[in-house]
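# Topology and contacts: notes
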Amino acid sequence: MSKMVRSPLFLMALTIFIDFTGFGLVIPLLPFWAEHLGAGPAGVGLILTIYALAQFIFTPVLGKLSDHYGRKPVIFSSLLIEAVSFAFTALAGSLPLLLLARFIGGLGASNIGSAQALVADVTPPQGRARGMGMIGAAIGLGFVVGPALGGMLASVGPAVPFWVAMSMAVVNALLVMSFLPETHRKREVAASASSRNRGSGGLLTGWGKALRYPAVTRLVMINLLLTVAFAAMEAVFPLFTQHTFGWTARENGYIFTYVGFVVVLMQGGLVGRIARRFGERTLLIAGLVMLAAGLALLPWSTNLALLFISLGILSAGDGAVTPAVSALLSFISPAEAQGETLGFAQGVAGLGRIVGPLAAGGLFAMAGPGSPFLIGSILVALAVVLALPALHIGQEAEEVQVRTEDKKKSERTARILSEASKR
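Note that the structure is predicted; figures quoted are calculated from it, not measured.

The next subject is the overall build of the protein. Along the protein, the regular secondary structure elements total 17 helices and zero strands. Here the protein holds 423 residues, and the buried ones make up 51% of them. When contacts within the protein are restricted to residue pairs at least 6 apart in sequence, those whose partners lie at least 24 apart make up 84%. Roughly 18800 Å² of accessible area belongs to the protein as shown, and the carbon and sulfur atoms make up 69% of that amount.

As C-alpha coordinates, then:
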(Lines give C-alpha, C1' and ligand atoms only; values in the text may rest on other atoms or scores of the structure.)
Protein backbone atom coordinates (compact mmCIF):
# COMPACT_ATOMS: atom_id res chain seq x y z
CA MET A 1 0.00 0.00 0.00
CA SER A 2 2.83 2.39 0.94
CA LYS A 3 4.61 1.60 -2.33
CA MET A 4 1.45 2.38 -4.33
CA VAL A 5 0.96 5.72 -2.54
CA ARG A 6 4.53 6.74 -3.38
CA SER A 7 4.27 5.69 -7.04
CA PRO A 8 4.45 8.52 -9.61
CA LEU A 9 1.28 7.22 -11.30
CA PHE A 10 -0.75 7.39 -8.08
CA LEU A 11 0.67 10.83 -7.22
CA MET A 12 -0.13 12.13 -10.70
CA ALA A 13 -3.68 10.79 -10.48
CA LEU A 14 -4.08 12.46 -7.08
CA THR A 15 -2.77 15.74 -8.51
CA ILE A 16 -5.23 15.57 -11.40
CA PHE A 17 -8.10 14.72 -9.05
CA ILE A 18 -7.41 17.77 -6.85
CA ASP A 19 -6.92 19.92 -9.96
CA PHE A 20 -10.23 18.94 -11.56
CA THR A 21 -12.08 19.09 -8.26
CA GLY A 22 -11.12 22.76 -8.09
CA PHE A 23 -12.09 23.21 -11.74
CA GLY A 24 -15.43 21.44 -11.26
CA LEU A 25 -16.05 23.43 -8.10
CA VAL A 26 -16.36 26.74 -10.01
CA ILE A 27 -17.80 25.59 -13.36
CA PRO A 28 -21.50 25.52 -12.28
CA LEU A 29 -21.11 28.97 -10.69
CA LEU A 30 -19.34 30.79 -13.53
CA PRO A 31 -22.52 31.59 -15.55
CA PHE A 32 -24.09 33.25 -12.52
CA TRP A 33 -20.86 35.11 -11.71
CA ALA A 34 -20.74 36.34 -15.31
CA GLU A 35 -24.38 37.48 -15.12
CA HIS A 36 -23.52 39.29 -11.87
CA LEU A 37 -20.96 41.25 -13.90
CA GLY A 38 -23.50 42.12 -16.60
CA ALA A 39 -23.01 39.30 -19.11
CA GLY A 40 -25.89 38.09 -21.26
CA PRO A 41 -26.18 34.62 -22.83
CA ALA A 42 -23.50 35.44 -25.43
CA GLY A 43 -21.14 36.64 -22.70
CA VAL A 44 -21.67 33.47 -20.70
CA GLY A 45 -20.85 31.40 -23.77
CA LEU A 46 -17.74 33.49 -24.36
CA ILE A 47 -16.53 32.70 -20.83
CA LEU A 48 -16.46 28.99 -21.70
CA THR A 49 -15.09 29.51 -25.21
CA ILE A 50 -12.11 31.65 -24.17
CA TYR A 51 -11.06 29.05 -21.62
CA ALA A 52 -11.10 26.33 -24.29
CA LEU A 53 -9.27 28.67 -26.69
CA ALA A 54 -6.41 29.08 -24.22
CA GLN A 55 -6.14 25.31 -23.87
CA PHE A 56 -6.20 24.97 -27.66
CA ILE A 57 -3.22 27.33 -27.91
CA PHE A 58 -1.11 26.35 -24.91
CA THR A 59 -1.53 22.59 -24.33
CA PRO A 60 0.97 21.72 -27.11
CA VAL A 61 3.35 24.40 -25.82
CA LEU A 62 3.35 23.06 -22.25
CA GLY A 63 3.75 19.52 -23.55
CA LYS A 64 6.81 20.58 -25.56
CA LEU A 65 8.27 22.42 -22.55
CA SER A 66 7.82 19.29 -20.41
CA ASP A 67 9.94 17.37 -22.93
CA HIS A 68 12.77 19.90 -22.57
CA TYR A 69 12.60 20.91 -18.91
CA GLY A 70 10.84 17.94 -17.29
CA ARG A 71 7.26 17.13 -16.28
CA LYS A 72 7.48 18.34 -12.67
CA PRO A 73 8.37 22.04 -13.23
CA VAL A 74 5.75 22.42 -15.96
CA ILE A 75 2.97 20.85 -13.87
CA PHE A 76 4.02 22.85 -10.78
CA SER A 77 4.05 26.14 -12.71
CA SER A 78 0.71 25.44 -14.38
CA LEU A 79 -0.94 24.86 -10.99
CA LEU A 80 0.35 28.21 -9.72
CA ILE A 81 -1.05 29.87 -12.86
CA GLU A 82 -4.41 28.24 -12.12
CA ALA A 83 -4.28 29.62 -8.56
CA VAL A 84 -3.71 33.12 -9.94
CA SER A 85 -6.64 32.71 -12.34
CA PHE A 86 -9.02 31.71 -9.53
CA ALA A 87 -7.97 34.76 -7.51
CA PHE A 88 -8.46 37.04 -10.52
CA THR A 89 -11.88 35.47 -11.11
CA ALA A 90 -12.95 36.19 -7.52
CA LEU A 91 -11.66 39.79 -7.76
CA ALA A 92 -12.94 40.53 -11.28
CA GLY A 93 -15.11 43.64 -11.23
CA SER A 94 -16.06 43.63 -14.90
CA LEU A 95 -16.69 41.17 -17.72
CA PRO A 96 -13.39 41.95 -19.57
CA LEU A 97 -11.42 41.18 -16.40
CA LEU A 98 -13.36 37.95 -15.94
CA LEU A 99 -12.56 36.96 -19.53
CA LEU A 100 -8.87 37.66 -18.88
CA ALA A 101 -8.99 35.57 -15.70
CA ARG A 102 -10.56 32.63 -17.52
CA PHE A 103 -8.01 32.85 -20.34
CA ILE A 104 -5.25 32.64 -17.72
CA GLY A 105 -7.11 29.71 -16.21
CA GLY A 106 -7.16 27.92 -19.56
CA LEU A 107 -3.40 28.43 -19.80
CA GLY A 108 -2.93 26.91 -16.36
CA ALA A 109 -5.21 23.98 -17.19
CA SER A 110 -3.15 23.15 -20.30
CA ASN A 111 -1.08 20.63 -18.32
CA ILE A 112 -3.03 17.49 -19.23
CA GLY A 113 -0.63 16.57 -22.06
CA SER A 114 2.30 16.82 -19.64
CA ALA A 115 0.43 14.66 -17.12
CA GLN A 116 -0.25 12.01 -19.75
CA ALA A 117 3.41 12.13 -20.79
CA LEU A 118 4.38 11.42 -17.17
CA VAL A 119 2.13 8.35 -17.29
CA ALA A 120 3.88 7.25 -20.49
CA ASP A 121 7.25 7.73 -18.75
CA VAL A 122 6.45 5.39 -15.85
CA THR A 123 4.24 2.67 -17.38
CA PRO A 124 5.30 -0.23 -19.61
CA PRO A 125 3.43 -0.58 -22.93
CA GLN A 126 1.21 -3.38 -21.63
CA GLY A 127 0.05 -1.19 -18.73
CA ARG A 128 -0.23 2.09 -20.62
CA ALA A 129 -4.00 2.05 -21.17
CA ARG A 130 -4.56 1.32 -17.47
CA GLY A 131 -2.34 4.26 -16.54
CA MET A 132 -4.15 6.61 -18.92
CA GLY A 133 -7.43 5.27 -17.55
CA MET A 134 -6.37 6.21 -14.02
CA ILE A 135 -5.85 9.80 -15.17
CA GLY A 136 -9.26 9.78 -16.86
CA ALA A 137 -10.87 8.35 -13.74
CA ALA A 138 -9.24 11.07 -11.62
CA ILE A 139 -10.71 13.70 -13.97
CA GLY A 140 -14.14 12.09 -13.74
CA LEU A 141 -14.03 11.92 -9.94
CA GLY A 142 -13.04 15.58 -9.83
CA PHE A 143 -16.09 16.45 -11.91
CA VAL A 144 -18.30 14.45 -9.54
CA VAL A 145 -16.91 15.91 -6.29
CA GLY A 146 -16.21 19.46 -7.47
CA PRO A 147 -19.70 20.63 -8.48
CA ALA A 148 -21.25 19.16 -5.33
CA LEU A 149 -18.70 20.98 -3.16
CA GLY A 150 -19.18 24.19 -5.14
CA GLY A 151 -22.93 24.09 -4.61
CA MET A 152 -22.46 23.85 -0.85
CA LEU A 153 -19.86 26.64 -0.72
CA ALA A 154 -21.95 29.00 -2.89
CA SER A 155 -24.46 29.34 -0.05
CA VAL A 156 -21.67 30.79 2.12
CA GLY A 157 -20.85 33.54 -0.37
CA PRO A 158 -20.72 33.93 -4.17
CA ALA A 159 -16.93 34.43 -4.27
CA VAL A 160 -16.07 31.76 -1.67
CA PRO A 161 -15.83 28.83 -4.16
CA PHE A 162 -13.23 30.71 -6.20
CA TRP A 163 -11.06 31.36 -3.14
CA VAL A 164 -11.37 27.72 -2.09
CA ALA A 165 -10.40 26.61 -5.60
CA MET A 166 -7.38 28.96 -5.44
CA SER A 167 -6.32 27.44 -2.11
CA MET A 168 -6.67 23.93 -3.53
CA ALA A 169 -4.47 24.85 -6.49
CA VAL A 170 -1.76 26.26 -4.19
CA VAL A 171 -1.84 23.17 -1.95
CA ASN A 172 -1.75 20.98 -5.06
CA ALA A 173 1.33 22.83 -6.35
CA LEU A 174 3.09 22.36 -2.99
CA LEU A 175 2.27 18.64 -3.03
CA VAL A 176 3.72 18.34 -6.54
CA MET A 177 6.89 20.17 -5.50
CA SER A 178 7.29 18.04 -2.37
CA PHE A 179 6.34 14.55 -3.51
CA LEU A 180 6.01 14.15 -7.29
CA PRO A 181 9.29 12.81 -8.72
CA GLU A 182 10.71 13.91 -12.06
CA THR A 183 10.13 11.05 -14.50
CA HIS A 184 11.55 12.43 -17.73
CA ARG A 185 15.22 12.16 -18.58
CA LYS A 186 16.09 15.23 -20.56
CA ARG A 187 17.58 14.31 -23.85
CA GLU A 188 21.07 15.40 -24.83
CA VAL A 189 20.87 17.22 -28.14
CA ALA A 190 23.14 19.48 -30.07
CA ALA A 191 22.93 23.07 -28.97
CA SER A 192 21.99 24.26 -32.43
CA ALA A 193 19.09 21.85 -32.71
CA SER A 194 17.93 22.76 -29.22
CA SER A 195 17.94 26.47 -29.97
CA ARG A 196 16.00 25.95 -33.18
CA ASN A 197 13.32 23.72 -31.70
CA ARG A 198 12.92 24.68 -28.04
CA GLY A 199 10.37 27.41 -28.58
CA SER A 200 8.51 25.77 -31.44
CA GLY A 201 5.92 23.75 -29.60
CA GLY A 202 2.79 25.31 -31.03
CA LEU A 203 -0.04 23.87 -33.06
CA LEU A 204 1.48 24.64 -36.46
CA THR A 205 4.68 22.82 -35.54
CA GLY A 206 2.59 20.00 -34.08
CA TRP A 207 0.63 19.60 -37.30
CA GLY A 208 3.86 19.68 -39.33
CA LYS A 209 5.27 16.80 -37.32
CA ALA A 210 2.01 14.87 -37.15
CA LEU A 211 1.60 14.93 -40.93
CA ARG A 212 4.90 13.06 -41.22
CA TYR A 213 3.39 10.20 -39.21
CA PRO A 214 0.04 9.00 -40.64
CA ALA A 215 -0.89 7.09 -37.48
CA VAL A 216 -0.42 10.20 -35.32
CA THR A 217 -2.52 12.27 -37.72
CA ARG A 218 -5.32 9.72 -37.71
CA LEU A 219 -5.37 9.37 -33.94
CA VAL A 220 -5.41 13.15 -33.47
CA MET A 221 -8.32 13.43 -35.91
CA ILE A 222 -10.15 10.60 -34.12
CA ASN A 223 -9.68 12.46 -30.84
CA LEU A 224 -10.98 15.66 -32.43
CA LEU A 225 -14.11 14.01 -33.88
CA LEU A 226 -15.10 12.24 -30.67
CA THR A 227 -14.47 15.41 -28.64
CA VAL A 228 -16.71 17.46 -30.95
CA ALA A 229 -19.45 14.82 -30.65
CA PHE A 230 -19.25 14.47 -26.86
CA ALA A 231 -18.93 18.22 -26.21
CA ALA A 232 -21.96 18.86 -28.44
CA MET A 233 -23.96 16.28 -26.50
CA GLU A 234 -23.03 17.87 -23.16
CA ALA A 235 -23.94 21.35 -24.40
CA VAL A 236 -27.50 20.63 -25.56
CA PHE A 237 -28.44 17.67 -23.38
CA PRO A 238 -30.07 19.90 -20.72
CA LEU A 239 -32.13 21.54 -23.46
CA PHE A 240 -33.11 18.12 -24.79
CA THR A 241 -34.27 16.88 -21.37
CA GLN A 242 -36.12 20.13 -20.73
CA HIS A 243 -37.91 19.71 -24.06
CA THR A 244 -38.59 15.97 -23.57
CA PHE A 245 -39.11 15.57 -19.82
CA GLY A 246 -39.51 19.12 -18.52
CA TRP A 247 -36.37 18.71 -16.38
CA THR A 248 -34.60 21.53 -14.52
CA ALA A 249 -30.94 22.01 -13.58
CA ARG A 250 -31.35 19.72 -10.56
CA GLU A 251 -32.42 16.65 -12.57
CA ASN A 252 -29.71 17.30 -15.15
CA GLY A 253 -27.15 17.53 -12.36
CA TYR A 254 -28.19 14.07 -11.19
CA ILE A 255 -28.00 12.59 -14.67
CA PHE A 256 -24.54 14.04 -15.34
CA THR A 257 -23.39 12.51 -12.06
CA TYR A 258 -24.55 9.16 -13.48
CA VAL A 259 -22.57 9.84 -16.67
CA GLY A 260 -19.48 10.70 -14.63
CA PHE A 261 -19.88 7.57 -12.52
CA VAL A 262 -19.99 5.33 -15.62
CA VAL A 263 -16.91 7.01 -17.11
CA VAL A 264 -15.00 6.65 -13.83
CA LEU A 265 -16.04 2.98 -13.52
CA MET A 266 -14.85 2.32 -17.07
CA GLN A 267 -11.54 4.16 -16.85
CA GLY A 268 -10.71 3.33 -13.27
CA GLY A 269 -11.52 -0.38 -13.30
CA LEU A 270 -12.34 -1.92 -16.67
CA VAL A 271 -10.05 -0.27 -19.24
CA GLY A 272 -6.87 -1.89 -17.95
CA ARG A 273 -8.39 -5.37 -17.89
CA ILE A 274 -9.90 -5.05 -21.36
CA ALA A 275 -6.67 -3.65 -22.83
CA ARG A 276 -4.59 -6.47 -21.32
CA ARG A 277 -6.90 -9.12 -22.74
CA PHE A 278 -7.83 -7.66 -26.14
CA GLY A 279 -5.35 -4.83 -26.76
CA GLU A 280 -5.67 -1.06 -27.10
CA ARG A 281 -6.70 -1.27 -30.75
CA THR A 282 -9.74 -3.41 -29.99
CA LEU A 283 -10.55 -1.17 -27.03
CA LEU A 284 -10.49 1.88 -29.31
CA ILE A 285 -12.81 0.38 -31.95
CA ALA A 286 -15.25 -1.04 -29.38
CA GLY A 287 -15.39 2.29 -27.54
CA LEU A 288 -16.04 4.26 -30.73
CA VAL A 289 -18.83 1.88 -31.78
CA MET A 290 -20.46 2.17 -28.34
CA LEU A 291 -20.19 5.96 -28.39
CA ALA A 292 -21.74 6.16 -31.86
CA ALA A 293 -24.54 3.75 -30.88
CA GLY A 294 -25.35 5.64 -27.67
CA LEU A 295 -25.52 8.97 -29.46
CA ALA A 296 -27.72 7.51 -32.21
CA LEU A 297 -30.10 6.06 -29.61
CA LEU A 298 -30.36 9.24 -27.58
CA PRO A 299 -32.91 11.16 -29.78
CA TRP A 300 -35.42 8.31 -29.30
CA SER A 301 -34.90 8.08 -25.54
CA THR A 302 -38.30 9.43 -24.59
CA ASN A 303 -38.60 7.37 -21.40
CA LEU A 304 -36.27 7.23 -18.42
CA ALA A 305 -35.17 3.61 -18.86
CA LEU A 306 -34.10 4.14 -22.47
CA LEU A 307 -32.36 7.39 -21.52
CA PHE A 308 -30.27 5.61 -18.88
CA ILE A 309 -29.38 2.85 -21.35
CA SER A 310 -28.30 5.20 -24.14
CA LEU A 311 -26.31 7.42 -21.74
CA GLY A 312 -24.71 4.34 -20.17
CA ILE A 313 -23.60 3.04 -23.58
CA LEU A 314 -22.15 6.34 -24.78
CA SER A 315 -20.48 7.06 -21.42
CA ALA A 316 -18.82 3.63 -21.38
CA GLY A 317 -17.69 4.21 -24.95
CA ASP A 318 -16.19 7.59 -24.12
CA GLY A 319 -14.51 6.08 -21.06
CA ALA A 320 -12.88 3.43 -23.24
CA VAL A 321 -11.82 5.60 -26.16
CA THR A 322 -10.00 8.40 -24.33
CA PRO A 323 -7.30 6.27 -22.62
CA ALA A 324 -6.99 4.04 -25.71
CA VAL A 325 -6.17 7.03 -27.94
CA SER A 326 -3.65 8.39 -25.42
CA ALA A 327 -1.99 5.00 -25.01
CA LEU A 328 -1.69 4.46 -28.78
CA LEU A 329 -0.27 7.97 -29.23
CA SER A 330 2.34 7.26 -26.58
CA PHE A 331 3.32 4.03 -28.37
CA ILE A 332 4.04 5.78 -31.66
CA SER A 333 5.82 8.79 -30.17
CA PRO A 334 9.55 8.81 -29.42
CA ALA A 335 10.35 8.99 -25.72
CA GLU A 336 11.84 12.48 -26.03
CA ALA A 337 8.64 13.87 -27.62
CA GLN A 338 5.88 12.24 -25.53
CA GLY A 339 4.78 15.53 -23.98
CA GLU A 340 4.75 17.33 -27.31
CA THR A 341 2.66 14.67 -29.08
CA LEU A 342 0.16 14.16 -26.26
CA GLY A 343 -0.06 17.89 -25.65
CA PHE A 344 -0.69 18.50 -29.34
CA ALA A 345 -3.50 15.93 -29.35
CA GLN A 346 -5.09 17.55 -26.29
CA GLY A 347 -4.71 21.00 -27.85
CA VAL A 348 -6.54 19.89 -30.99
CA ALA A 349 -9.22 18.32 -28.78
CA GLY A 350 -9.61 21.79 -27.24
CA LEU A 351 -10.74 22.94 -30.68
CA GLY A 352 -13.47 20.30 -30.47
CA ARG A 353 -14.63 21.76 -27.16
CA ILE A 354 -14.99 25.12 -28.91
CA VAL A 355 -16.67 23.91 -32.11
CA GLY A 356 -18.92 21.22 -30.59
CA PRO A 357 -21.13 23.41 -28.36
CA LEU A 358 -21.41 26.16 -30.97
CA ALA A 359 -22.48 23.73 -33.72
CA ALA A 360 -24.83 21.86 -31.38
CA GLY A 361 -26.71 25.02 -30.46
CA GLY A 362 -27.28 25.90 -34.10
CA LEU A 363 -28.40 22.38 -35.00
CA PHE A 364 -30.77 22.23 -32.03
CA ALA A 365 -32.45 25.46 -33.12
CA MET A 366 -32.63 24.71 -36.84
CA ALA A 367 -33.00 20.93 -37.16
CA GLY A 368 -34.63 19.81 -33.92
CA PRO A 369 -33.65 18.56 -30.45
CA GLY A 370 -32.26 15.21 -31.58
CA SER A 371 -30.15 16.46 -34.51
CA PRO A 372 -26.93 17.24 -32.56
CA PHE A 373 -26.85 13.66 -31.27
CA LEU A 374 -27.39 12.15 -34.73
CA ILE A 375 -24.69 14.33 -36.30
CA GLY A 376 -22.39 13.42 -33.40
CA SER A 377 -23.04 9.74 -34.06
CA ILE A 378 -22.09 10.23 -37.72
CA LEU A 379 -18.85 11.98 -36.70
CA VAL A 380 -17.92 9.10 -34.39
CA ALA A 381 -18.74 6.59 -37.15
CA LEU A 382 -16.29 8.54 -39.35
CA ALA A 383 -13.75 8.19 -36.53
CA VAL A 384 -14.22 4.40 -36.73
CA VAL A 385 -13.37 4.52 -40.44
CA LEU A 386 -10.26 6.59 -39.67
CA ALA A 387 -9.24 4.21 -36.90
CA LEU A 388 -9.12 1.04 -38.98
CA PRO A 389 -5.93 1.83 -41.00
CA ALA A 390 -4.27 3.31 -37.90
CA LEU A 391 -4.66 0.11 -35.92
CA HIS A 392 -2.10 -1.86 -37.92
CA ILE A 393 0.45 0.94 -37.57
CA GLY A 394 -0.32 1.22 -33.87
CA GLN A 395 0.15 -2.53 -33.42
CA GLU A 396 3.55 -2.44 -35.11
CA ALA A 397 4.59 0.56 -33.00
CA GLU A 398 3.50 -1.17 -29.80
CA GLU A 399 5.44 -4.31 -30.71
CA VAL A 400 8.54 -2.24 -31.48
CA GLN A 401 8.24 -0.45 -28.16
CA VAL A 402 7.84 -3.73 -26.27
CA ARG A 403 10.96 -5.09 -28.00
CA THR A 404 12.82 -1.89 -27.15
CA GLU A 405 11.83 -2.20 -23.48
CA ASP A 406 13.00 -5.84 -23.45
CA LYS A 407 16.28 -4.86 -25.11
CA LYS A 408 16.88 -2.13 -22.52
CA LYS A 409 16.22 -4.58 -19.68
CA SER A 410 18.64 -7.11 -21.23
CA GLU A 411 21.34 -4.47 -21.67
CA ARG A 412 20.84 -3.26 -18.10
CA THR A 413 21.08 -6.83 -16.76
CA ALA A 414 24.23 -7.50 -18.80
CA ARG A 415 25.82 -4.30 -17.50
CA ILE A 416 25.05 -5.21 -13.88
CA LEU A 417 26.49 -8.72 -14.36
CA SER A 418 29.59 -7.28 -16.03
CA GLU A 419 30.18 -4.85 -13.18
CA ALA A 420 29.66 -7.62 -10.65
CA SER A 421 32.22 -9.87 -12.41
CA LYS A 422 34.83 -7.06 -12.37
CA ARG A 423 34.48 -6.79 -8.61
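Per the counting criterion, the structure on display carries two cavities of 30 Å³ or more. The calculated volume of the largest cavity comes to roughly 50 Å³. The wall of the largest cavity is formed by Ile 18, Asp 19, Gly 22, Leu 79, Glu 82, Phe 86, Ala 165, Met 168, Ala 169 and Asn 172. Elements that contribute at least two residues to the lining of the largest cavity include exactly helix 2 (8-26), helix 5 (71-91) and helix 9 (160-179). When residues in the lining of the largest cavity are grouped by element, the largest group, four residues, is from helix 9. Residue composition of the lining of the largest cavity, grouped by class: six nonpolar, two polar and two charged.

Let's shift gears to the nonpolar core. Residues Ile 16, Phe 237, Leu 284 and Leu 288 are the most contacted members of the largest nonpolar core, which totals 82 residues. Filtering out sequence-adjacent residues up to four positions away, Ile 16 remains in contact with Ile 112, Ala 115, Ile 135, Ala 138 and Ile 139. Membership of the second largest hydrophobic core comes to 20 residues, among which are Leu 37, Ile 47, Phe 86 and Phe 162.

With 28 residues, helix 15 (residues 304-331) extends 41 Å from end C-alpha to end C-alpha; this agrees with the ideal 40 Å at 1.5 Å per step. The buried fraction of helix 15 is high, at 21 of 28 residues. Among the residues of helix 15, the N-terminal cap falls to Asn 303, whose side-chain oxygen and the backbone nitrogen of Ala 305 are separated by 3.2 Å.

Viewed as axis vectors pointing N to C, helix 14 (residues 280-297) and helix 15 meet at an angle of 150 degrees, and their least axial separation amounts to 7 Å. The orientation of helix 14 relative to helix 15 falls into the category roughly antiparallel. Where helix 14 crosses over helix 15, the two elements pack in a sense that is left-handed. Of the residues that constitute the contact of helix 14 with helix 15, the class distribution is 19 nonpolar, four polar and three charged.

Quick look at the pattern of salt bridges now. In this structure the tally under the stated criterion is two salt bridges. For Arg 71, the salt bridge identified is with Asp 67, shortest N-O distance 2.8 Å. Here Arg 71 makes a salt bridge to Asp 121, at a shortest N to O gap of 2.8 Å. Placement of Arg 71 in helix 5 and of Asp 121 in helix 7 (residues 112-122) is noted, with a sequence separation of 50 residues between them. Note on Arg 71: relative accessible area 0%, which makes it buried. For Asp 121, a relative accessible area of 26% translates into the label partly exposed. The network of salt bridges with shared partners includes Asp 67, Arg 71 and Asp 121.

Glancing now at the environment of Gly 312. Residue position: Gly 312 is located in helix 15. Gly 312 sits in the buried class, given a relative accessible area of 15%. With 22 residues separating them in the primary sequence, Gly 312 and Met 290 have C-alpha atoms 9.5 Å apart.

A few words now on helix 6 (residues 95-108). For helix 6, built from 14 residues, the straight-helix expectation of 20 Å at 1.5 Å per residue is met to within 8% by its first-to-last C-alpha distance of 20 Å. Looking only at helix 6, the buried set comprises Leu 98, Leu 99, Ala 101, Arg 102, Ile 104, Gly 105, Gly 106 and Gly 108.

The next subject is a nonpolar patch on the surface. Together, Val 171, Leu 175 and Phe 179 make up an exposed nonpolar region whose accessible area comes to about 280 Å². Overall, Leu 175 belongs to the partly exposed group, its relative accessible area being 33%.

Further remarks concern the packing of helix 2 against helix 7. Put simply, helix 2 and helix 7 touch, their axes get as near as 9 Å, and they point 165 degrees apart. The angle between helix 2 and helix 7 falls in the class roughly antiparallel. Judged by the sense of rotation from one axis to the other, the crossing of helix 2 with helix 7 is left-handed. Residue-level contacts link Pro 8, Leu 9, Met 12 and Ile 16 of helix 2 to Ile 112, Ala 115, Leu 118, Val 119 and Val 122 of helix 7. For the contact of helix 2 with helix 7, the per-class residue count stands at nine nonpolar, no polar and no charged.

Overall, the prediction assigns the protein a mean pLDDT of 81, with 82% of residues at 70 or greater. Counted against residues more than four places away or in other chains, residues 187-200, with its pLDDT under 50, gives twelve contacts.

Its place among the elements puts Ser 110 in the loop between helix 6 and helix 7. Among the residues examined, Ser 110 registers a relative accessible area of 0% and is labelled buried. Residues in contact with Ser 110, not counting those within four places in the same chain, are Ala 54, Gln 55, Phe 58, Thr 59 and Leu 62.

On inspection of all chains with the given rule, the structure shows eight aromatic pairs. Considering the side-chain rings of Phe 20 and Phe 23, the 6.0 Å spacing of their centres and the 75 degrees angle between planes classify their relative orientation as edge-to-face. Of the two residues, Phe 20 and Phe 23 are both situated in helix 2; the distance of three residues between them amounts to about one turn of the helix. Of the residues examined, Phe 23 reaches a relative accessible area of 13% and is grouped as buried. Through successive ring pairs, a cluster of aromatic residues spans Phe 20, Phe 23 and Tyr 51.

Thresholds applied
Residues numbered from 1 in each chain as written. Predicted model: local features only at pLDDT ≥ 70, side-chain atom pairs only at ≥ 80, totals over all residues. Heavy atoms only, no water. Helix = DSSP H or I, 4+ residues; strand = E, 2+ residues; numbered from the N terminus. Buried < 20%, exposed > 50% of the residue type's maximum accessible area, 1.4 Å probe, protein only. Contact = heavy atoms within 4.5 Å. Areas by Shrake-Rupley, 256 points an atom, 1.4 Å probe, with all protein chains shown as cover. 1 Å grid on protein atoms, 1.4 Å probe; cavity = no way out; pocket = protein on both sides within 12 Å on 5 of 7 lines; lining within 4 Å. Points joined across faces, edges and corners; volume = space filled by probe spheres on them. Nonpolar A, V, L, I, M, F, W, Y, C, P; charged D, E, K, R; others polar. Core = buried A, V, L, I, M, F, W, Y, C linked by side-chain atoms within 4.5 Å. Expected span 1.5 Å × (residues − 1). Polar contact = N/O pair within 3.5 Å; in protein donor to acceptor, adjacent residues only side chain to side chain. Axes fitted to C-alpha atoms, helices over the stretch in contact; angles between N-to-C directions. Parallel < 35°, antiparallel > 145°, perpendicular 65-115°, else oblique. Left-handed = near helix turned anticlockwise from the far one by under 90°. Salt bridge = Lys/Arg side-chain N within 4 Å of Asp/Glu carboxyl O. Patch = residues over 30% accessible without salt bridge, like charges linked within 9 Å, V, L, I, M, F, W, Y side chains within 5 Å. pLDDT = per-residue confidence, 0-100. Phe/Tyr/Trp six-rings, centres within 6.5 Å; stacked < 30°, edge-to-face > 60°.

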